[in-house]
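# Observations on the model geometry
Listed below are the residues making up each chain.
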Amino acid sequence: DLNYTDMLLEIQSNLAPGDQNRYTATAQALELYFGIYDSTGTVLTLLLYYLAKNPGVQELLMEEIDIEGSDGDFPYLTACLNETMRLSPPFLRAERVCTQDWTHEGLRIPKGMPVLVPLFALHRHPANFPDPETFDPNRFMPGQQTHHSYAFAPFGHGPKNCVGMKFAYVTMKLVTRKLLMEFRAEAVDGVTKLEYKPGTLLAAQYEPIIVNLVRRN
């Protein structure tokens, strides 16, 4: 089976020199890699912040990593990543264009209208996530999820969702597992805090986050 990069290379090889679509294929490849590495770095930084602020969660996660070894599914790690992206999505809004006239309970969206989904607000709606300001990975553990599937959308949904979602999860899980096998994150009193920059919507949306990485015994 061809992966995403193979498909782009195959498409590009079938285009004539000078065809503008060659640049489109290159742009798609760059968007995939830059988008993934930038956003995953953001999520991993925020994960360390939430683990430092919630040492009990970090202990459970390290226990899973120690037990699962290198071949596990790491459900609690996945839940921790999802809870991080719920509270602090790497992109604060999703943008789509309505493809057909749509009406629901008196709300009408005409075909062609841009629709902005405010992920930061969506992920904190108490109807979907009780006690929404609390970092609680159990919300995403198998068998414990009670929210609507579209209430959590850090990668979007449908045919236009993020093409790098699987790669992002694999990367984040690998880096976190390697890091927490040797270190733990600890908060610095009065210093470790999350402060968002007003008006910033993308990856560098917060002030520098300071945590201590302490080698495990």
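Structural notes, computed from the coordinates. Along each chain, numbering runs from 1 in the same order as the chain's sequence is written. It should be noted that, the model being predicted, local features are given only for residues of pLDDT at least 70 and side-chain atom pairs only at 80 or more, the latter also being counted only at that level, while totals for whole chains, interfaces and linings use all residues. Hydrogens are left out, water is left out, and the side-chain values use all remaining heavy atoms of the structure.

### Some thoughts on helix α3 (residues 55-68)
Formally: Secondary structure elements follow DSSP: runs of H or I of four or more residues count as helices, runs of E of two or more count as strands, with numbering from the N terminus. Every helix has an expected span of 1.5 Å times one less than the residues it contains. Burial here depends on accessible area, computed with a 1.4 Å probe over protein chains only, as a share of the maximum for the residue type. Under 20% is buried, over 50% is exposed, and the range in between is partly exposed. Within this analysis, the arc is defined by the directions that extend from the helix axis to the C-beta atoms.
The terminal C-alpha atoms of α3, which comprises 14 residues, lie 20 Å apart, in line with the 20 Å expected from a rise of 1.5 Å per residue. Buried residues of α3: V57, Q58, L61, M62, E64 and I65, and no others. Angularly, the buried residues of α3 cover 160° about the axis, an arc narrow enough to put them on a single face.

### Some points on the side chain of E83
For the record, the criterion: Here, residues are in contact when the closest pair of their heavy atoms is within 4.5 Å.
For E83, the position within the fold is in helix α4 (residues 75-87). In this view, E83 contacts T134, F135, D136, P137, R139 and F140; residues no more than four positions away in its chain are not counted.

### Quick notes on the packing of aromatic side chains
The following threshold applies: Between the rings of Phe, Tyr and Trp (Trp by its six-membered ring), a pair exists once the centres lie within 6.5 Å; its type follows the angle of the planes, with under 30 degrees stacked, over 60 edge-to-face, and the other angles tilted.
Throughout the structure, instances matching the rule amount to six aromatic pairs. Ring centres of F120 and Y196 lie 5.8 Å apart, and the angle between their planes is 85°; on these two criteria the pair is classed as edge-to-face. Here F120 is found in helix α5 (residues 119-122), whereas its partner Y196 is found in the loop between β5 (183-187) and β6 (211-215), with 76 residues between them in sequence. By relative accessible area, which is 30% here, F120 ends up partly exposed. We classify Y196 as partly exposed; its relative accessible area is 29%.

These figures come from the coordinates and say nothing about function on their own.
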